[in-house]
Amino acid sequence: MNLSVITYKVLFLLSFIMIMPNAFAQNYIDVFELESFSSNRMLKNSDDQIKLSSYNINTIVPLFNGNTSSVALSLNYDNIETIKKGDKYFKVFSFATNLVFSKSHNEYLTVRYIFMPKLLGNSSKTNTKVTQLGFATLANKILNETTNVSYGFVYNNQLFGPFIVPLFGYYTKQDLIEVNVLFPQNIDINYKLNPNIFFGLKFNGKMNSYALESNTLDLVQNTYLSVNENQIGTYLDYNYKNFHINFFGGYSFMSSYKIFSDLDRTDFSLFMLKFGDNRNQLNNDLKNGFVIKSSMYYRFYNN
(Lines give C-alpha, C1' and ligand atoms only; values in the text may rest on other atoms or scores of the structure.)
Protein backbone atom coordinates (compact mmCIF):
# COMPACT_ATOMS: atom_id res chain seq x y z
CA MET A 1 0.00 0.00 0.00
CA ASN A 2 1.39 3.42 -0.98
CA LEU A 3 1.23 5.91 1.88
CA SER A 4 0.46 9.49 0.96
CA VAL A 5 2.37 12.31 2.56
CA ILE A 6 -0.11 14.76 3.99
CA THR A 7 -0.02 17.67 6.40
CA TYR A 8 -0.19 17.02 10.14
CA LYS A 9 -3.50 18.90 10.36
CA VAL A 10 -5.20 16.60 7.85
CA LEU A 11 -3.61 13.50 9.44
CA PHE A 12 -4.86 14.59 12.83
CA LEU A 13 -8.37 15.06 11.50
CA LEU A 14 -8.55 11.76 9.60
CA SER A 15 -7.08 9.75 12.45
CA PHE A 16 -9.56 11.14 14.93
CA ILE A 17 -12.52 10.61 12.61
CA MET A 18 -11.78 6.91 12.34
CA ILE A 19 -12.10 6.49 16.12
CA MET A 20 -15.21 8.53 16.77
CA PRO A 21 -18.34 6.59 15.74
CA ASN A 22 -20.42 9.69 14.90
CA ALA A 23 -17.87 12.00 13.32
CA PHE A 24 -18.85 11.84 9.66
CA ALA A 25 -22.01 13.94 9.33
CA GLN A 26 -21.00 16.49 11.95
CA ASN A 27 -18.50 19.21 11.05
CA TYR A 28 -16.37 18.97 14.21
CA ILE A 29 -14.33 16.57 16.33
CA ASP A 30 -13.33 16.74 20.02
CA VAL A 31 -9.59 16.09 20.10
CA PHE A 32 -9.00 16.34 23.88
CA GLU A 33 -11.27 16.12 26.92
CA LEU A 34 -10.84 16.35 30.68
CA GLU A 35 -13.95 15.34 32.66
CA SER A 36 -14.69 14.95 36.37
CA PHE A 37 -17.76 14.23 38.47
CA SER A 38 -18.63 14.00 42.14
CA SER A 39 -21.54 12.49 44.02
CA ASN A 40 -22.48 11.84 47.64
CA ARG A 41 -23.86 8.33 48.05
CA MET A 42 -25.20 6.37 50.98
CA LEU A 43 -24.22 2.78 51.70
CA LYS A 44 -27.12 0.35 51.43
CA ASN A 45 -28.15 -1.12 54.81
CA SER A 46 -26.17 1.64 56.53
CA ASP A 47 -26.29 5.34 57.41
CA ASP A 48 -22.69 5.83 56.32
CA GLN A 49 -22.12 8.33 53.53
CA ILE A 50 -19.58 7.81 50.78
CA LYS A 51 -18.09 10.65 48.75
CA LEU A 52 -17.60 9.37 45.22
CA SER A 53 -15.40 11.23 42.74
CA SER A 54 -14.01 10.37 39.35
CA TYR A 55 -12.13 11.94 36.49
CA ASN A 56 -10.99 10.80 33.09
CA ILE A 57 -8.77 12.11 30.31
CA ASN A 58 -9.22 11.30 26.61
CA THR A 59 -6.88 12.21 23.78
CA ILE A 60 -5.51 10.79 20.53
CA VAL A 61 -2.11 10.29 18.89
CA PRO A 62 -2.23 9.95 15.07
CA LEU A 63 0.26 7.47 13.59
CA PHE A 64 -0.14 7.42 9.80
CA ASN A 65 -2.70 7.68 7.05
CA GLY A 66 -2.97 5.84 3.72
CA ASN A 67 -5.17 6.16 0.65
CA THR A 68 -8.02 4.06 2.09
CA SER A 69 -6.80 3.15 5.59
CA SER A 70 -5.45 4.83 8.70
CA VAL A 71 -3.96 3.96 12.09
CA ALA A 72 -4.12 5.96 15.33
CA LEU A 73 -3.68 5.51 19.07
CA SER A 74 -6.47 6.58 21.43
CA LEU A 75 -5.47 7.13 25.08
CA ASN A 76 -7.84 7.10 28.05
CA TYR A 77 -7.12 7.43 31.78
CA ASP A 78 -9.98 6.73 34.20
CA ASN A 79 -9.87 7.20 38.00
CA ILE A 80 -12.42 6.46 40.75
CA GLU A 81 -11.93 7.43 44.39
CA THR A 82 -14.25 7.03 47.39
CA ILE A 83 -13.99 8.56 50.85
CA LYS A 84 -15.81 7.30 53.96
CA LYS A 85 -15.66 9.42 57.13
CA GLY A 86 -12.44 11.05 55.97
CA ASP A 87 -10.71 7.75 55.15
CA LYS A 88 -10.20 6.10 51.79
CA TYR A 89 -12.84 3.47 51.00
CA PHE A 90 -11.22 2.38 47.74
CA LYS A 91 -9.31 4.07 44.91
CA VAL A 92 -8.79 2.53 41.48
CA PHE A 93 -7.70 3.48 37.98
CA SER A 94 -7.53 2.16 34.42
CA PHE A 95 -5.35 3.22 31.52
CA ALA A 96 -6.41 2.16 28.03
CA THR A 97 -4.38 2.39 24.84
CA ASN A 98 -6.68 1.69 21.92
CA LEU A 99 -4.98 0.94 18.62
CA VAL A 100 -7.42 1.70 15.82
CA PHE A 101 -7.22 0.53 12.21
CA SER A 102 -9.75 2.14 9.86
CA LYS A 103 -10.67 0.93 6.38
CA SER A 104 -12.79 2.97 3.96
CA HIS A 105 -14.69 0.63 1.63
CA ASN A 106 -16.30 3.49 -0.28
CA GLU A 107 -17.26 7.14 0.23
CA TYR A 108 -20.23 6.11 2.41
CA LEU A 109 -18.94 3.18 4.48
CA THR A 110 -15.94 3.00 6.83
CA VAL A 111 -15.18 0.16 9.25
CA ARG A 112 -12.92 0.44 12.29
CA TYR A 113 -11.10 -2.43 13.98
CA ILE A 114 -9.95 -1.54 17.49
CA PHE A 115 -7.46 -3.46 19.65
CA MET A 116 -7.91 -2.45 23.30
CA PRO A 117 -5.23 -3.40 25.86
CA LYS A 118 -5.88 -1.88 29.30
CA LEU A 119 -3.88 -1.60 32.53
CA LEU A 120 -5.83 -1.79 35.79
CA GLY A 121 -4.54 -0.89 39.23
CA ASN A 122 -4.98 1.04 42.46
CA SER A 123 -3.11 3.32 44.82
CA SER A 124 -1.24 0.50 46.57
CA LYS A 125 2.45 0.44 45.61
CA THR A 126 2.69 -3.26 46.46
CA ASN A 127 -0.35 -4.40 44.52
CA THR A 128 0.34 -6.23 41.24
CA LYS A 129 -1.24 -4.42 38.29
CA VAL A 130 -3.39 -6.50 35.94
CA THR A 131 -4.21 -6.16 32.27
CA GLN A 132 -7.32 -6.63 30.16
CA LEU A 133 -7.52 -7.33 26.46
CA GLY A 134 -10.41 -6.27 24.29
CA PHE A 135 -11.49 -5.92 20.68
CA ALA A 136 -14.15 -3.89 18.92
CA THR A 137 -15.40 -3.36 15.40
CA LEU A 138 -17.62 -0.50 14.30
CA ALA A 139 -19.06 0.27 10.86
CA ASN A 140 -20.17 3.79 10.02
CA LYS A 141 -22.53 4.47 7.10
CA ILE A 142 -23.34 7.96 5.83
CA LEU A 143 -27.03 8.33 4.96
CA ASN A 144 -26.93 11.98 3.84
CA GLU A 145 -25.15 15.25 4.58
CA THR A 146 -26.63 15.53 8.07
CA THR A 147 -27.19 11.92 9.19
CA ASN A 148 -25.21 8.72 9.67
CA VAL A 149 -25.59 5.41 11.50
CA SER A 150 -23.06 3.10 13.18
CA TYR A 151 -23.24 -0.53 14.22
CA GLY A 152 -20.83 -3.05 15.72
CA PHE A 153 -19.78 -4.65 19.00
CA VAL A 154 -17.10 -4.53 21.68
CA TYR A 155 -15.57 -7.54 23.46
CA ASN A 156 -13.53 -7.30 26.63
CA ASN A 157 -12.09 -9.88 29.01
CA GLN A 158 -13.31 -8.09 32.12
CA LEU A 159 -12.28 -9.18 35.62
CA PHE A 160 -15.81 -10.52 36.11
CA GLY A 161 -15.60 -12.61 32.89
CA PRO A 162 -15.98 -12.38 29.10
CA PHE A 163 -18.10 -9.35 28.19
CA ILE A 164 -19.76 -8.41 24.87
CA VAL A 165 -21.75 -5.24 24.17
CA PRO A 166 -23.58 -4.63 20.86
CA LEU A 167 -23.25 -1.03 19.62
CA PHE A 168 -25.64 1.14 17.63
CA GLY A 169 -24.93 4.77 16.77
CA TYR A 170 -27.04 7.51 15.22
CA TYR A 171 -26.20 11.13 14.47
CA THR A 172 -28.27 13.91 12.90
CA LYS A 173 -28.45 17.69 12.98
CA GLN A 174 -31.55 19.63 11.96
CA ASP A 175 -31.35 23.43 12.24
CA LEU A 176 -30.55 24.19 15.91
CA ILE A 177 -31.13 20.65 17.25
CA GLU A 178 -28.41 17.98 17.32
CA VAL A 179 -28.85 14.30 18.25
CA ASN A 180 -25.80 12.13 18.95
CA VAL A 181 -26.31 8.52 20.10
CA LEU A 182 -24.02 5.57 20.72
CA PHE A 183 -26.29 3.03 22.41
CA PRO A 184 -25.98 1.74 25.11
CA GLN A 185 -23.24 4.15 26.21
CA ASN A 186 -24.36 7.64 25.30
CA ILE A 187 -27.43 9.70 24.30
CA ASP A 188 -26.96 13.44 23.75
CA ILE A 189 -29.69 15.82 22.52
CA ASN A 190 -28.83 19.52 22.51
CA TYR A 191 -30.28 22.84 21.36
CA LYS A 192 -28.25 25.86 20.29
CA LEU A 193 -29.42 28.83 22.39
CA ASN A 194 -26.95 31.24 20.78
CA PRO A 195 -23.62 30.96 18.95
CA ASN A 196 -21.76 30.29 22.23
CA ILE A 197 -24.21 28.39 24.47
CA PHE A 198 -25.89 24.99 24.07
CA PHE A 199 -28.52 23.43 26.34
CA GLY A 200 -28.70 19.64 26.35
CA LEU A 201 -30.20 16.46 27.75
CA LYS A 202 -27.72 13.63 28.19
CA PHE A 203 -27.51 10.00 29.29
CA ASN A 204 -24.14 8.40 29.92
CA GLY A 205 -23.49 4.83 31.02
CA LYS A 206 -20.34 2.93 31.98
CA MET A 207 -19.69 -0.72 32.81
CA ASN A 208 -16.15 -1.60 33.88
CA SER A 209 -14.07 -3.59 36.38
CA TYR A 210 -11.04 -2.55 38.42
CA ALA A 211 -8.34 -4.31 40.45
CA LEU A 212 -8.52 -3.65 44.20
CA GLU A 213 -5.95 -3.72 46.97
CA SER A 214 -5.73 -7.06 48.74
CA ASN A 215 -6.77 -5.46 52.06
CA THR A 216 -9.73 -3.45 50.75
CA LEU A 217 -12.48 -3.30 53.41
CA ASP A 218 -10.20 -5.50 55.59
CA LEU A 219 -10.79 -8.47 53.28
CA VAL A 220 -8.02 -11.09 53.33
CA GLN A 221 -8.34 -12.09 49.68
CA ASN A 222 -7.67 -10.60 46.26
CA THR A 223 -10.74 -8.78 44.97
CA TYR A 224 -12.02 -6.69 42.10
CA LEU A 225 -14.58 -3.90 41.76
CA SER A 226 -17.43 -4.22 39.23
CA VAL A 227 -18.86 -0.80 38.30
CA ASN A 228 -22.12 0.05 36.56
CA GLU A 229 -22.67 3.84 36.56
CA ASN A 230 -25.67 5.34 34.72
CA GLN A 231 -26.27 9.09 34.73
CA ILE A 232 -29.04 11.19 33.20
CA GLY A 233 -29.45 14.94 33.40
CA THR A 234 -29.16 18.31 31.69
CA TYR A 235 -26.19 20.49 30.86
CA LEU A 236 -25.06 23.88 29.64
CA ASP A 237 -22.14 24.08 27.24
CA TYR A 238 -20.24 27.33 26.73
CA ASN A 239 -17.65 27.73 23.98
CA TYR A 240 -15.00 30.32 23.29
CA LYS A 241 -13.53 29.74 19.85
CA ASN A 242 -12.44 26.05 19.97
CA PHE A 243 -12.47 25.65 23.77
CA HIS A 244 -15.61 24.35 25.49
CA ILE A 245 -16.66 24.23 29.15
CA ASN A 246 -19.56 21.96 30.07
CA PHE A 247 -21.55 21.82 33.34
CA PHE A 248 -23.84 18.84 33.95
CA GLY A 249 -26.32 18.15 36.74
CA GLY A 250 -28.28 14.93 37.02
CA TYR A 251 -29.05 11.72 38.83
CA SER A 252 -27.44 8.29 38.95
CA PHE A 253 -29.87 5.38 38.51
CA MET A 254 -29.53 1.59 38.43
CA SER A 255 -25.86 2.06 39.37
CA SER A 256 -23.73 -0.34 41.41
CA TYR A 257 -20.23 -0.67 42.90
CA LYS A 258 -19.85 -4.33 43.81
CA ILE A 259 -16.78 -6.11 45.17
CA PHE A 260 -16.09 -9.80 44.45
CA SER A 261 -13.29 -12.27 44.96
CA ASP A 262 -10.83 -12.63 42.07
CA LEU A 263 -11.93 -16.26 41.76
CA ASP A 264 -15.63 -15.35 41.60
CA ARG A 265 -16.54 -14.79 37.92
CA THR A 266 -19.43 -15.13 35.50
CA ASP A 267 -19.40 -17.54 32.57
CA PHE A 268 -20.34 -14.86 30.05
CA SER A 269 -22.02 -11.42 29.91
CA LEU A 270 -24.01 -9.90 27.06
CA PHE A 271 -24.50 -6.26 28.04
CA MET A 272 -26.76 -6.41 31.14
CA LEU A 273 -27.38 -10.17 30.87
CA LYS A 274 -24.97 -12.28 32.95
CA PHE A 275 -24.85 -16.05 32.49
CA GLY A 276 -23.53 -18.34 35.20
CA ASP A 277 -23.55 -15.52 37.73
CA ASN A 278 -23.35 -17.20 41.15
CA ARG A 279 -20.97 -14.64 42.64
CA ASN A 280 -20.96 -13.69 46.31
CA GLN A 281 -20.88 -9.92 46.82
CA LEU A 282 -18.45 -8.91 49.60
CA ASN A 283 -19.53 -5.31 50.29
CA ASN A 284 -22.54 -3.12 50.92
CA ASP A 285 -23.39 -1.47 47.61
CA LEU A 286 -23.84 2.28 47.12
CA LYS A 287 -27.26 3.83 46.69
CA ASN A 288 -28.07 6.06 43.73
CA GLY A 289 -27.61 9.80 44.11
CA PHE A 290 -27.31 13.21 42.49
CA VAL A 291 -24.33 13.89 40.28
CA ILE A 292 -22.43 17.08 39.43
CA LYS A 293 -20.10 16.89 36.46
CA SER A 294 -17.84 19.33 34.64
CA SER A 295 -15.68 18.94 31.57
CA MET A 296 -13.34 20.95 29.41
CA TYR A 297 -12.52 19.99 25.85
CA TYR A 298 -10.98 21.27 22.65
CA ARG A 299 -13.17 21.04 19.55
CA PHE A 300 -11.68 21.03 16.06
CA TYR A 301 -14.05 22.42 13.42
CA ASN A 302 -13.73 21.03 9.89
CA ASN A 303 -15.03 24.07 8.03
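Take the nonpolar core next. A general feature of soluble globular proteins is that nonpolar side chains tend to end up buried together. Ranked by internal contacts, the top residues of the largest apolar core, which has 17 residues, are Ile80, Phe90, Leu225 and Tyr257. Taken together, the elements giving at least two residues each to this core come down to β2 (49-65), β4 (87-104), β12 (223-240) and β14 (256-261). At three residues, the largest contribution of residues to this core is made by β4. When neighbours within four sequence positions are excluded, Phe90 is seen to be in contact with Ile80, Glu81, Thr82, Leu212, Thr216, Leu225 and Tyr257.

Attention now moves to the packing of aromatic side chains. Under the definition given, this model contains eleven aromatic pairs. Judged by centre distance (5.1 Å) and plane angle (75°), the ring pair of Tyr251 and Phe290 falls under edge-to-face. Of this pair, Tyr251 sits in strand β13 (residues 243-252) while Phe290 sits in strand β17 (residues 290-301), placing them 39 residues apart in sequence. Of the residues examined, Tyr251 reaches a relative accessible area of 34% and is grouped as partly exposed. An aromatic cluster of at least three residues, connected via ring pairs, comprises Tyr55, Tyr77 and Phe93. The positively charged end of Lys274 is found above the aromatic ring belonging to Phe160, 5.5 Å away from the centroid. Over the aromatic face of Phe260 sits the side chain of Arg279, whose NZ or CZ is 4.0 Å from the ring centroid.

Residue placement: Glu213 occurs in the loop between β11 (197-211) and β12. Taking the relative accessible area as the measure of exposure, Glu213 reaches 14% and is therefore buried. A sequence separation of 122 residues divides Glu213 from Lys91, and the C-alpha atoms of the two residues are 8.7 Å apart.

Attention shifts here to the pattern of salt bridges. Applying the stated criterion across every chain yields a total of four salt bridges. Residue Asp277 pairs with Arg279 through a salt bridge whose shortest N-O separation is 2.8 Å. On the basis of relative accessible area, Asp277 is assigned to the partly exposed category, the value being 34%. What makes Arg279 buried here is its relative accessible area of 14%.

So, on to the pairing of strand β7 (residues 147-158). On any regular strand, side chains alternate: one points to one face of the sheet, the next to the other face. Bridge count between strand β6 (residues 130-142) and β7: nine bridges; the pairing is antiparallel. Note on β7: the bridge partner recorded for Asn140 is Ser150. The antiparallel pairing of β6 with β7 creates a hairpin that spans four residues between the two strands. Pairing between β7 and strand β8 (residues 161-174): twelve bridges, direction antiparallel. For Asn156, the partnering residue across the bridge sits in β8 and is Phe163.

Basis of the calculations
Residues numbered from 1 in each chain as written. Predicted model: local features only at pLDDT ≥ 70, side-chain atom pairs only at ≥ 80, totals over all residues. Heavy atoms only, no water. Core = buried A, V, L, I, M, F, W, Y, C linked by side-chain atoms within 4.5 Å. Buried < 20%, exposed > 50% of the residue type's maximum accessible area, 1.4 Å probe, protein only. Helix = DSSP H or I, 4+ residues; strand = E, 2+ residues; numbered from the N terminus. Contact = heavy atoms within 4.5 Å. Phe/Tyr/Trp six-rings, centres within 6.5 Å; stacked < 30°, edge-to-face > 60°. Lys NZ or Arg CZ within 6 Å of the ring centre and 35° of its normal. Salt bridge = Lys/Arg side-chain N within 4 Å of Asp/Glu carboxyl O. Pairing = 2+ DSSP bridges.

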